[in-house]
Amino acid sequence: MHSMQTKTNGRRDDQIVTTTCSYDCGGRCLLKVHIRDEKIAHISTENRKGLNIQACPRGLAQKSVVSHPDRLMQPLKRIGARGNGDFKPISWNEALETIAEKIRHTIVQFGTESLYFVTNTGSMAALHNTPTVTQRFFGLLGKCTTTWGDPSCEGALQSALATFGTAATGSTRDNLLSSKSIILWGWNPLETRFGPDTIPYLARAKKAGIRIVCVDPRQNPTCHALADEWIPVKPGTDTALLIAMAYVMIEEDLLDGRYIERYTHGFEKFHDYVTGATDGVPKSPDWAHPICGTPVESIVNLARDYAENKPASLIAGWAPGRTAFGEQFHRAVSTLSAITGNMGIEGGYTAGGPDTVDMGFIDATLPVPDTRHHELHFTGLYDALLGQTAQAKHPECKLLYIVGCNLLNQNLNLNKGKQALMQVDFVVTHELFLTPTARYADIVLPVKHFFEGEDIGQPFIGGPYCINMSKILDAPPGVKSDLEIFSEIAQRMGIDNYNDVSDEEWPRTFLDSESAFPNLETLRSAGTHEFEMERAHVAFREQIENPDKYPFPTPSGKVEIFSQRFAEMNIPAIPTYLPSWEGPKDPLVQKFPIQLVSPHSKVRANSQFDNIEPLKKRGNDNLWMNAADAHQRNIQDGDAVQVFNQRGRMRTTASVTRRIMPGVASIDQGQWYAPDDRGIDSGGCANVLTTDKMSPAGAFPCNTCLVQIEKCSAM
Ligand SMILES: Nc1nc2c(c(=O)[nH]1)N[C@H]1C(S)=C(S)[C@@H](COP(=O)(O)OP(=O)(O)OC[C@H]3O[C@@H](n4cnc5c(=O)[nH]c(N)nc54)[C@H](O)[C@@H]3O)O[C@H]1N2
Ligand SMILES: Nc1nc2c(c(=O)[nH]1)N[C@H]1C(S)=C(S)[C@@H](COP(=O)(O)OP(=O)(O)OC[C@H]3O[C@@H](n4cnc5c(=O)[nH]c(N)nc54)[C@H](O)[C@@H]3O)O[C@H]1N2
Ligand SMILES: [Mo]
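Values in this document were obtained by computation on a predicted structure and should not be read as measured data.

Participant: Honestly, the overall build of the chain in this entry has me stumped. Any pointers?
Facilitator: Helix and strand content of the chain: 23 helices and 27 strands. A compact globule built from 715 residues would reach a C-alpha radius of gyration of about 27 Å, and the chain, at 25 Å, matches this within 12%. With the C-alpha coordinates of the chain rotated into their principal frame, the extents come out at 70 × 60 × 55 Å. Just so you have it, the chain exposes about 26900 Å², and 47% of that area is on carbon and sulfur atoms. Charge separation in the chain, taken as the distance between the mean sites of 70 positive and 82 negative side-chain charges, equals 5 Å.

Participant: I keep staring at the site of ligand 2 and nothing clicks. Help me out?
Facilitator: In the region of ligand 2, 36 residues are neighbours, and R193, D238, R322, R604 and N606 sit closest. Within the backbone of G26, a nitrogen or oxygen atom sits 3.1 Å from a nitrogen atom of ligand 2. One nitrogen or oxygen atom from the main chain of G186 is found 3.3 Å from an oxygen atom belonging to ligand 2. Grouping the amino acids of the shell around ligand 2 by side-chain chemistry returns 14 nonpolar, 12 polar and 10 charged.

Participant: So what exactly am I meant to see when it comes to the domain arrangement of the chain here?
Facilitator: It is common to report an interface's size as the accessible area lost on association of the parts. By domain assignment, the chain separates into domain 1 (86-149 + 374-448 + 477-522), domain 2 (155-357 + 540-568) and domain 3 (587-711). Taking only C-alpha atoms into account, the centre of domain 2 sits 28 Å from that of domain 3. Taken residue by residue, the interface counts 26 residues in domain 2 and 23 residues in domain 3. For the pairing of domain 2 and domain 3, the buried interface totals around 2000 Å² over both sides, and the portion due to carbon and sulfur atoms is 59%. Looking at the side of domain 2 facing domain 3, the largest losses of area belong to R218, P235 and R322, adding up to 34% of the total buried there. Inspection of the region where domain 2 meets domain 3 yields zero salt bridges.

Participant: Even after reading the chapter, I still don't get the packing of aromatic side chains, so can you show me in this structure?
Facilitator: Given two aromatic rings, their pairing is described by the distance between the two centres and the angle made by the two planes. By the definition in use, this model includes 26 aromatic pairs. Between F164 and F552 the ring centres are 6.4 Å apart and the planes differ by 35°, which places this aromatic pair in the tilted class. Placement of the pair is F164 in the loop between helix 5 (154-163) and strand 9 (181-185) and F552 in the loop between helix 20 (541-545) and strand 21 (559-560), with a sequence separation of 388 residues. Ring pairs connect the aromatic residues F117, F137, F138, Y401, F486 and Y498, which therefore count as one cluster. Here the guanidinium or amino end of R136 rests over the ring plane of Y498, the centre of that ring lying 5.8 Å away. Note that K693 overlies the ring of W581, its terminal NZ or CZ placed 4.3 Å from the centroid.

Participant: I'm lost on the site of ligand 1 in this one. Help?
Facilitator: Surveying the vicinity of ligand 1 reveals 30 residues, the closest of which are N120, N406, E431, D482 and S607. N120 is positioned such that a nitrogen or oxygen atom in its side chain is 2.8 Å from an oxygen atom of ligand 1. One nitrogen or oxygen atom from the main chain of H430 is found 3.1 Å from a nitrogen atom belonging to ligand 1. Bound to the protein, ligand 1 loses 96% of the 920 Å² it would expose on its own. In the shell around ligand 1, the residues fall into nine nonpolar, 17 polar and four charged.

Participant: Looking at this structure, I do not really get helix 13 (residues 326-339). What am I missing?
Facilitator: In an α-helix, one full turn covers 3.6 residues, which means residues spaced three or four apart are oriented alike. With 14 residues, helix 13 should reach 20 Å at 1.5 Å per residue; the first-to-last C-alpha distance of 21 Å fits that figure. Of all 14 residues in helix 13, 14 are buried; the element is thus mostly enclosed.

Participant: What am I meant to see in the sheet that holds strand 27 (residues 706-711) here?
Facilitator: The strands that make up a sheet pair up through hydrogen bonds in the backbone, lying either parallel or antiparallel. Reading around the barrel, the six strands line up as 22-26-23-25-24-27 and close back on themselves, with mixed pairing between neighbours. With direction set aside, neighbouring strand axes in the sheet form an average angle of 45°. Taken together, the two bridges between strand 22 (residues 594-597) and strand 27 define a ladder with antiparallel strand orientation. Its bridge partner lying in strand 27, Q595 is registered against L706.

Participant: How do you make sense of the environment of V589 when you look at a structure like this?
Facilitator: Residue position: V589 is located in the loop between helix 21 (564-568) and strand 22. Residues V589 and G619 lie 30 residues apart in sequence; the distance between their C-alpha atoms is 30 Å. Contacts of V589, omitting those with residues within four sequence positions, involve G583, P584 and L706.

Conventions and cut-offs
Residues take numbers from 1 onward in each chain, read along the sequence in its written order. Chain A is the first chain written and ligand 1 is the first ligand written, with later ones labelled in order. Local features in a predicted model are, by the rule used here, given only for residues with pLDDT of at least 70; side-chain atom pairs are given and counted only at 80 or more, and totals for whole chains, interfaces and linings are based on all residues. To get the side-chain values, take all heavy atoms of the structure and skip hydrogens and water. Strands here mean DSSP runs of E at least two residues long; helices mean DSSP runs of H or I at least four residues long; both are numbered from the N terminus. Only C-alpha atoms enter the radius of gyration, while the globule expectation follows 2.2 Å times N to the 0.38, with N the number of residues. In short, Shrake-Rupley with a 1.4 Å probe defines the accessible areas, and a residue's cover is counted only from the protein chains shown. In this count, Lys and Arg are taken as positive residues and Asp and Glu as negative ones, while His and the chain termini are left out. Here the site of a charge means NZ on Lys, CZ on Arg, CG on Asp, or CD on Glu. The nearness test applies per residue and asks whether one of its heavy atoms lies within 4 Å of the molecule or strand. Any pair of N or O atoms that falls within 3.5 Å is considered a polar contact. Within protein, one atom must be able to donate a hydrogen and the other to accept it, and sequence-neighbouring residues count only if both atoms are side-chain atoms. Any residue outside Ala, Val, Leu, Ile, Met, Phe, Trp, Tyr, Cys, Pro, Asp, Glu, Lys and Arg is labelled polar, Gly included; the first ten of those are nonpolar and the last four are charged. Just so you know, the domain bounds were taken from an automatic or database domain assignment. In this analysis, two residues are considered to be in contact whenever any of their non-hydrogen atoms come within 4.5 Å of each other. Accessible-area loss on putting two parts together, using a 1.4 Å probe and summing over both, is the definition of buried area adopted here. Criterion for a salt bridge: a side-chain nitrogen of Lys or Arg within 4 Å of a carboxyl oxygen of Asp or Glu. Geometry of aromatic contacts follows a simple scheme: Phe, Tyr and Trp rings, the Trp one being its six-membered ring, pair when their centres are within 6.5 Å, and the pair is stacked under 30 degrees between planes, edge-to-face over 60, tilted otherwise. For a Lys NZ or an Arg CZ to count as sitting over a ring, it must be within 6 Å of the ring centre and within 35 degrees of the ring normal. Given a helix with a known number of residues, its expected span is that number minus one, times 1.5 Å. Think of it in three bands: residues with accessible area under 20% of the maximum for their type are buried, residues over 50% are exposed, and the middle band is partly exposed, with areas taken using a 1.4 Å probe on protein chains only. We call two strands paired when DSSP finds no fewer than two bridges between them. To define axes, lines are fitted to C-alpha atoms, for helices over the stretch in contact only, and angles between the resulting N-to-C directions are given on a 0 to 180 degree scale.

Given below as structure tokens:
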């Protein structure tokens, strides 16, 4: 039996089964599903002893997802034009035969590289993990074409590899209680979850009187609820602000010379750039103020606060890194944490990496063949499909296979995306719903919800626990898991080694692979497992405490303020502020004067849950704009507005507020694209406006986007 208990609820006994959401959400929380008469009665949550894994309203609404009337229940074949949503149901046999035949035909006629597959984190559970099940299938076919570049944090990742030689730069949140000062930089964990225990620890820190400040173009809800101060900064200009902080620290002799000497490489070059010795431009607060809009006094105080109140935690969100030169932001933050001596100590924070907490055990998932596919950057996908590749020549796409990704909603420059998808001979996706992307597919295969199989839930950024995912319900008869679908296509293609292990056996294999894990029976009966930790996990503690024995895994063995890796990629080798295209100084501001950011929503996980009405009502899907910008345009709070640029146009509702800087607007990402017959989106999908460029290191620049806003005459 699984982790079940019974509880008297009225007259009947509920069976309570433990699971967690498998979405690409920064939580990974405990769901207690109450089953009565073989149906879900309701879902509750709790804090397990020692773990803060209490679920939010989204997890508690999973009953509405799994039993949604719009769920796809049988394979669909397109009968109308792409995008118009006309499909007819077909049998599994016809769907799978057609797909297997198309793949075979494409390979014979054009070669494996004409098979494009795009996969993202629709499901992040250990077994039913959309990237690994998909990579396993295409890896067996041979060298196909796929995308690289994590839309979440490629800037952070590339920066961490250059600076520290590893992505594992995160520390456990209990560190926050040892900090004297906490800076949340482009981070809103009250809404955009990032470890389920983050807010409980921040709330405790606040209660203990630890100073909290937020650096963000918006006074975001975390800032509003928890911070002592909001420090505004224009999107994409954070690096200028950080470099000016370094200037203040150098001028006022606030740096940690021992750290610089012992643990870093290339400080002198950075020093000379900051002071202006290299280019004659001192990067003072007076230099930074007109760039980033942050008051000079705030820059000076922030620099002093971070350098003097040690240990201090400067936690960098990924959003400022999702900009035109996102990697420079993370490089600058990492450098500050090192030169102020806040790295590798309890109460400090390494600040600039992808935040991955490496607890010393591996991520368990399905093994993937070691096939090297042809790769193109995620932002270059549409150009490649259109045959317009400026960067490199790519194989022609004959078949596009999408798994666990709402591509035509979540990738940038949606209108170009639509044109690109029209070019492809054959498009397949596995989905739960007829998403804006699924509407462009030739065949849509209905998949199981994670309540319909066994699995193991692992924390989003690593962390000291895992959660058993019990099967809650039998799947509807017409749906299959991604693993079953690929197994059946593989069989039809004569590939017999895709999967010969049962869904029941895989989790056991994963757990047996690491001594730190409990065995399957123990995990199932307990529901959750917390790994023993003697003390807070601090990234680079060993390197700081014992540098001779534990060098950093970089070429110099030190924190690389000067990065040879970046130099070789033709990227400035020291953290450098680069004025960005579609930034506040681009001449394009004459036409499109407002910088648009698109944060994640508290009521969605990316685009998932947007179709759950009661949840959607609890969010704020309006466009935030500053009162001065609204006044200039005769816009009142609640007015219908159009937001547009050279790429697209949307209609939405304005929320006029002083909680966003002048010149900046914000709309939560993940709303489903809903065009009218002129192509104007009324769904609020930010990606009708964003541009499909990439940063030099591969960051996904959704927060670099210029727009204009006007009042709608009539809606
Ligand atoms: N403007 C703007 N755009 C952004 C961002 C932003 O901040 N602003 N953020 C970016 C980021 S960080 C990310 S990670 C991406 C996310 O972009 P996507 O990866 O597209 O994320 P989701 O919207 O979660 O889409 C996942 C899809 O998988 C489906 N799904 C769920 N479970 C399963 C399953 O088990 N199997 C299969 N086959 N499908 C399943 C869901 O129904 C959903 O349609 O968006 C990026 N796009
Ligand atoms: N509830 C919920 N939680 C989630 C997700 C979700 O969709 N919903 N998605 C998960 C995923 S896939 C990811 S990748 C993470 C994303 O996590 P983050 O990247 O941290 O989240 P965002 O909400 O995009 O942005 C956080 C804050 O950054 C600010 N910001 C935007 N641009 C800039 C800038 O240029 N400079 C500065 N200083 N601030 C800026 C925004 O105003 C916002 O307040 O969250 C994860 N957690
Ligand atoms: Mo993400």
